[in-house]
Amino acid sequence: MIIQRVVLNSRPGKNGVPVAENFRLEQSTIADTIQAGQVRVRTLYLSVDPYMRCRMNEDTGSDYLLPWQLSEVADGGGIGIVEESKYDNLAKGDFVISFNWPWQTVAILDGSLLQKLVPQLVNGHLSYFLGAAGITGLTALLGIKEKGHVAAGANQTMVVSGAAGACGSLAGQIGRLEGCSRVVGIAGTDEKCSILVQEMGFDAAINYKKGDVAEQLRKLCPGGVDVYFDNVGGDISDTVISQMNRNSHIILCGQISQYNKDVPYPPPLPPDIEKIQKERNITRERFLVLNYMDKQEASVLQLCQWIQEGKLKVRETMVEGLANVGAAFQSMMNGGNIGKQIVLVSK
């Protein structure tokens, strides 16, 4: 069977900025028949995520991420429909998900590595299982629960950087649902800031490309910052940390401003900011959602319930066509997405 697939065409270099041309669309073939335990699936949706920047390097800098190989098919979170099955627990027409889904139009996969989806849990929005009701939502919810120490009635102020991105846009809303009394987002355009306040219930949002972020933060968080959901690292995070209260908490989700630099993860803080962190006893621990998978099922159900009740608003940036996955990746790394970046491969 002839298929299309996307392979890694070139590496941007550890300090380079990824571009669409780092990926290549090509024609390939898969077997016409499947073996016992296998299923043939047609790809519907692919997830494009910031962590994938690390997989473009020969060394990902992480013990849980494998690098993509040159001229080999890329992979990540994906959803598809079963077209043929020789695996007992899956039938033709089932919707399935994997977090090692090959970037190709049709694939033959091991049925035991796929998870069957229930579309009704997300009001039929299947792609939400790659975002708000998937690893992205879990990262936001479990990060806040495990590292944010949010307590209802404690009058806590939360700040979220990268607030209009896939994880940040959920984190601010979840912070409020979990009990924060004030939530302030930081994003890169006026449009994003407007969406955060008008659609997603943030109390305020700062466009970091306009004006003095430190000054705006002091005005919007007069009592200081108690919880910081950090998606970006770098100068923005240094500014937020300098206004954090004693015994406050940083949820170290991502450091997208540092992903094109050859630095350790999490990147070390500048000496003056590290001094503030230590003097004020601010926790800053690496958070990896994979360490909390025993809480996955209950947490996904909670996320789905909030989605069904309209308490968790979901935004996606949808790009159509497997051929455009490289451009979608480049756009996301440049902050061009609002919410989750999804590639629609087929309908």
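Going by the structure above, here's the rest.
Residues numbered from 1 in each chain as written. Predicted model: local features only at pLDDT ≥ 70, side-chain atom pairs only at ≥ 80, totals over all residues. Heavy atoms only, no water.

Quick look at the state of the cysteines
Next up, step 1: Under the counting rule described, the total for this entry stands at zero disulfides.
Next up, step 2: Considering cysteine sulfurs only, C221 is the nearest to C193, which forms no disulfide, with 13 Å between them.
Next up, step 3: For C193, a relative accessible area of 9% gives the class buried.
Next up, step 4: The cysteine C221 is free of any disulfide, with C180 supplying the nearest cysteine sulfur at 11 Å.
Next up, step 5: A relative accessible area of 3% places C221 in the buried class. (Disulfide = S-S within 2.5 Å. Buried < 20%, exposed > 50% of the residue type's maximum accessible area, 1.4 Å probe, protein only.)

Considering the pairing of strand β9 (residues 182–187)
Side chains on a regular strand alternate between the two faces of the sheet.
Next up, step 1: Here β9 lies mainly inside the structure; five of its six residues are buried.
Next up, step 2: In this sheet, β9 lies alongside strand β8 (residues 157–161) in parallel orientation, the contact comprising five bridges. By the bridge assignment for β9, V160 is matched with G185.
Next up, step 3: Handedness of the crossover joining β8 and β9 through helix α3 (residues 166–178) is recorded here as right-handed.
Next up, step 4: Across four bridges, β9 lies against strand β10 (residues 204–207) in parallel orientation. Bridging across to β10, A187 finds its partner in N207.
Next up, step 5: A crossover connection joins β9 to the parallel β10 through helix α4 (residues 190–198); in handedness this β-α-β unit is right-handed. (Helix = DSSP H or I, 4+ residues; strand = E, 2+ residues; numbered from the N terminus. Pairing = 2+ DSSP bridges. Right-handed = clockwise from strand over helix to strand, strands pointing away.)

A closer look at the packing of helix α2 (residues 135–148) against α3
Next up, step 1: Closest axis-to-axis distance for the α2/α3 pair is 9 Å, and the angle between their directions is 40°. Comparing the axis directions of α2 and α3 gives the class oblique. Handedness of the crossing formed by α2 with α3: right-handed. Here T136, G137, T139, A140, L141, I144 and K145 of α2 come into contact with α3, specifically with A166, C167, L170, A171, I174, G175 and E178.
Next up, step 2: Within the contact of α2 with α3, the residues separate by chemical class into eight nonpolar, four polar and two charged. (Axes fitted to C-alpha atoms, helices over the stretch in contact; angles between N-to-C directions. Parallel < 35°, antiparallel > 145°, perpendicular 65-115°, else oblique. Left-handed = near helix turned anticlockwise from the far one by under 90°. Contact = heavy atoms within 4.5 Å. Nonpolar A, V, L, I, M, F, W, Y, C, P; charged D, E, K, R; others polar.)

Focus on the packing of α2 against helix α8 (residues 296–308)
Next up, step 1: Relative orientation of the contacting elements α2 and α8 amounts to 100°, with a least axis distance of 10 Å. One finds that α2 runs roughly perpendicular with respect to α8. Listed contacts from α8 to G137, L138, L141 and L142 of α2 are Q296, S299, V300, Q302, L303 and W306.

Here's the deal with the nonpolar core
Next up, step 1: One finds Y45, F129, I144, I174 and F229 to be the most contacted residues of the largest nonpolar core, which totals 51 residues.
Next up, step 2: Ignoring anything within four residues of it in the chain, the contact list for F129 reads I79, I97, L117, V118, P119, L121, V122 and G134.
Next up, step 3: Of all hydrophobic cores here, the second largest spans 27 residues; its members include V39, V82, L322 and V325. (Core = buried A, V, L, I, M, F, W, Y, C linked by side-chain atoms within 4.5 Å.)

Remarks on helix α5 (residues 213–220)
One turn of the α-helix equals 3.6 residues, which is why residues spaced by three or four share an orientation.
Next up, step 1: Looking only at α5, the buried set comprises V213, A214 and L217. Along the long axis of α5, the arc covered by the buried residues comes to 95°, so they all point the same way.
Next up, step 2: The elements touched by buried residues of α5 are β8, β10 and α6 (234–241).
Next up, step 3: Backbone nitrogen of A214 and a side-chain oxygen of the N-cap are separated by 2.9 Å at the start of α5; the cap is D212. (Arc of directions from axis to C-beta. Polar contact = N/O pair within 3.5 Å; in protein donor to acceptor, adjacent residues only side chain to side chain.)

Focus on the pattern of salt bridges
Close approach of charged atoms lets side chains of opposite charge pair.
Next up, step 1: Scanning the entire structure with this criterion turns up 19 salt bridges.
Next up, step 2: Across the pair R24 and E26 runs a salt bridge whose closest N-O atoms are separated by 3.1 Å.
Next up, step 3: The class for R24 is partly exposed, based on a relative accessible area of 28%.
Next up, step 4: A salt bridge links K210 to D190; the nearest nitrogen and oxygen atoms lie 2.4 Å apart. (Salt bridge = Lys/Arg side-chain N within 4 Å of Asp/Glu carboxyl O.)

Side note on the layout of surface pockets
Next up, step 1: Computed from the structure, the second largest pocket encloses a volume of approximately 260 Å³.
Next up, step 2: Forming the walls of the second largest pocket are 16 residues, and the residues nearest its centre are Q115, L117, F129, Q296 and V300.
Next up, step 3: Take the lining of the second largest pocket: its biggest share by element is four residues, from α8.
Next up, step 4: For the lining of the second largest pocket, the class distribution of residues is eleven nonpolar, three polar and two charged. (1 Å grid on protein atoms, 1.4 Å probe; cavity = no way out; pocket = protein on both sides within 12 Å on 5 of 7 lines; lining within 4 Å. Points joined across faces, edges and corners; volume = space filled by probe spheres on them.)

Thoughts on the side chain of R40
Next up, step 1: Topologically, R40 is positioned in strand β3 (residues 38–48).
Next up, step 2: Separated by 2.6 Å, the side chains of R40 and E84 make a polar contact.
Next up, step 3: Apart from residues lying up to four places away in sequence, R40 is in contact with M1, I34, I81, V82, E83, E84, V106, A107 and I108.

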